[in-house]
Amino acid sequence: MLPKNQRLRLAQDLTATVRSGVRSGRRNVVLYARPRTDEESGDRFGFIVSKAVGIAVKRNLAKRRMREIAHELRRADGNLDIVVRALPGAAEISWDEIHSQVSSAFASAVRKA
């Protein structure tokens, strides 16, 4: 699980990142990244999983997988707000596929930001 200081929990933070951040899309996920202006170090992650992904069991599976991937990808020296949005097929694909898609989108968004 991500530490509390590395999670985006406020709706206004998620909205600001989605609206003004750089976008990197893959087949089943879209990742948004926005540089932060505060002095805190470490990337912060937020997740958006709508009902279009499936029933609650599938949405929770997608969120758990994305949280674990974010835990692996987090950088202690980073200063980005990152939002990962699951698309409808995200709960149906294997762990390896979603891991490669999120990792690829993360690398692309970090380069753009």
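Since we're looking at a predicted model, the values are computed, not measured.

*Asks:* Please provide a residue-by-residue account of the overall build of the protein, values included.
*Replies:* Secondary structure summary: the protein contains three helices and four strands in total. Ordered by position in the sequence, the α and β elements of the protein form the string α-β-β-β-α-β-α. The C-alpha atoms of the protein give 13 Å as radius of gyration, which agrees with the globular expectation for 113 residues (13 Å, within 12%). In the protein, buried positions account for 42% of the 113 residues. Approximately 6,300 Å² of the protein is accessible, and the part contributed by carbon and sulfur atoms is 49%. Across the protein, 22 positive and 12 negative side-chain charges occur, with their mean positions spaced 8 Å apart.

*Asks:* Describe the packing of helix H2 (residues 56-73) against helix H3 (residues 95-112), with residues and values.
*Replies:* The geometry of H2 relative to H3 is characterised by a closest axis approach of 10 Å and an angle of 50° between their N-to-C directions. As judged from the angle between their axes, H2 and H3 are oblique. Judged by the twist between their axes, the crossing of H2 over H3 is right-handed. Packed against H2, whose contacting residues are Arg-65, Met-66, Glu-68, Ile-69, Glu-72 and Leu-73, the element H3 presents Trp-95, Ile-98, His-99, Val-102, Ser-103 and Phe-106 at the interface. Looking at the contact of H2 with H3, its residues break down into seven nonpolar, two polar and three charged.

*Asks:* Help me get a handle on the nonpolar core, residues and values and all.
*Replies:* Leu-31, Met-66, Ile-82 and Ile-98 are the most contacted members of the largest nonpolar core, which has 24 residues in total. Counting residues per element, the ones that place at least two in this core are strand S2 (29-35), strand S3 (44-49), H2, strand S4 (80-86) and H3. Contact partners of Leu-31, with chain neighbours within four places excluded, come to Val-22, Arg-23, Ser-24, Ile-82, Val-83, Val-84, Val-102, Ala-105, Phe-106 and Ala-109.

*Asks:* Explain H2 residue by residue, including any values.
*Replies:* The terminal C-alpha atoms of H2, which comprises 18 residues, lie 25 Å apart, in line with the 26 Å expected from a rise of 1.5 Å per residue. Three or more residues of H2 are buried, namely Arg-59, Ala-62, Arg-65, Met-66, Ile-69, Ala-70 and Leu-73. With its buried residues spanning 140° around the axis, H2 presents them on a single face. If you follow the buried residues of H2, they end up packed against S2, S3, S4 and H3.

*Asks:* Quick rundown of the environment of Val-84? Include the residues and the values.
*Replies:* Considering the arrangement of structural elements, one finds Val-84 in strand S4. Note: C-alpha distance between Val-84 and Ser-94 (10 residues apart in sequence) is 17 Å. With residues near it in sequence (within four places) discarded, Val-84 still touches Val-30, Leu-31, Gly-46, Phe-47, Ile-48 and Met-66.

The rules behind these values
Residues numbered from 1 in each chain as written. Predicted model: local features only at pLDDT ≥ 70, side-chain atom pairs only at ≥ 80, totals over all residues. Heavy atoms only, no water. Helix = DSSP H or I, 4+ residues; strand = E, 2+ residues; numbered from the N terminus. Rg over C-alpha atoms; globule rule 2.2 N^0.38 Å. Buried < 20%, exposed > 50% of the residue type's maximum accessible area, 1.4 Å probe, protein only. Areas by Shrake-Rupley, 256 points an atom, 1.4 Å probe, with all protein chains shown as cover. Lys, Arg positive; Asp, Glu negative; His and termini not counted. Charge placed at Lys NZ, Arg CZ, Asp CG, Glu CD. Axes fitted to C-alpha atoms, helices over the stretch in contact; angles between N-to-C directions. Parallel < 35°, antiparallel > 145°, perpendicular 65-115°, else oblique. Left-handed = near helix turned anticlockwise from the far one by under 90°. Contact = heavy atoms within 4.5 Å. Nonpolar A, V, L, I, M, F, W, Y, C, P; charged D, E, K, R; others polar. Core = buried A, V, L, I, M, F, W, Y, C linked by side-chain atoms within 4.5 Å. Expected span 1.5 Å × (residues − 1). Arc of directions from axis to C-beta.

Geometric descriptors of this kind do not, in isolation, establish any biological role.
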